[in-house]
Amino acid sequence: MVYIIVDLEATCWETRENRANETIEIGAVCIGNEGEWVDEFDTFVKPATHPVLSDFCTQLTSITQEMVDNAPLFPEALDDFQQWISHCANGDQYVLCSWGYYDRVQFKNDCLLHNLPTQWLAAHISLKHQYADIKNMRRPIGMKKALQKEGLSLSGTHHRGIDDAKNIADIFLIYQDFWTMPPNN
């Protein structure tokens, strides 16, 4: 079993507008069954429906228009990501792990937008919700607060997919023996 710790960044606007968010970065870390850091993956993604990033989005994520303009569209980026997962898993099973359900939903929405299959998302867990259970918290907390609770510093830039994936991986490794995996994994 390998664990794919993934974090997405997506288009966003300061006010909730009637626009669907699209992935603009896929950041991930592959953790092996023994807790070893296997590999990292990071790619920007060019949004198809609303290709121009809002100023708010750039300020929040530090992802610039030039970064996404020079990036592949979602189908190609997803293919690269899935090939990376296959390489990391090397024939073994994998589970996608994210801080909350947002990333899984965003992947699904982008797959539907581009008429791509979604069954690869079946093996997924929300570390955010399981962390709250492990720590006997009344409600889940954000990744930044969880890092503080664990005495860890936020590394890199918050709201950058690869940096957040690395930070989530640090929390994942502390509790590696406590996460509940989905059935059939």
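Look above for the structure.
Calculation rules
Residues numbered from 1 in each chain as written. Predicted model: local features only at pLDDT ≥ 70, side-chain atom pairs only at ≥ 80, totals over all residues. Heavy atoms only, no water. Helix = DSSP H or I, 4+ residues; strand = E, 2+ residues; numbered from the N terminus. Rg over C-alpha atoms; globule rule 2.2 N^0.38 Å. Buried < 20%, exposed > 50% of the residue type's maximum accessible area, 1.4 Å probe, protein only. Contact = heavy atoms within 4.5 Å. Lys, Arg positive; Asp, Glu negative; His and termini not counted. Charge placed at Lys NZ, Arg CZ, Asp CG, Glu CD. Pairing = 2+ DSSP bridges. Axes fitted to C-alpha atoms, helices over the stretch in contact; angles between N-to-C directions.

Enquirer: Mind showing me how you'd approach the overall build of the protein here?
Expert: A tally of helices and strands in the protein yields seven helices and five strands. N-terminal to C-terminal, the α/β element order of the protein is β-β-β-α-α-α-β-α-β-α-α-α. Taken against the 2.2 N^0.38 rule, which gives 16 Å for 185 residues, the C-alpha radius of gyration of the protein at 16 Å falls within 12% of a compact globule. Across its three principal directions, the C-alpha atoms of the protein cover 40 × 35 × 25 Å. Counting the 185 residues in the protein, one finds 47% classified as buried. Excluding contacts between residues fewer than 6 apart, the proportion of contacts in the protein whose partners are at least 24 apart in sequence is 68%. Of the side chains in the protein, 14 bear a positive and 26 a negative charge, and the two mean positions are spaced by 12 Å.

Enquirer: Would you take a moment to explain the sheet that holds strand 4 (residues 94–98) for this structure?
Expert: Sheet strands pair via backbone hydrogen bonds, and the direction of the pair is either parallel or antiparallel. Strand order across the open sheet formed by five strands is 3-2-1-4-5, with mixed pairing between neighbours. Two strands close off the open sheet at either side, each with one partner strand: strand 3 (37–44) and strand 5 (124–126). Here the average twist between neighbouring strands, direction ignored, is 25°. In the packing of helix 4 (residues 102–113) onto the sheet, contacts are made with strand 1 (2–10), strand 2 (23–31), strand 4 and strand 5, and the angle to strand 1 comes to roughly 70°.

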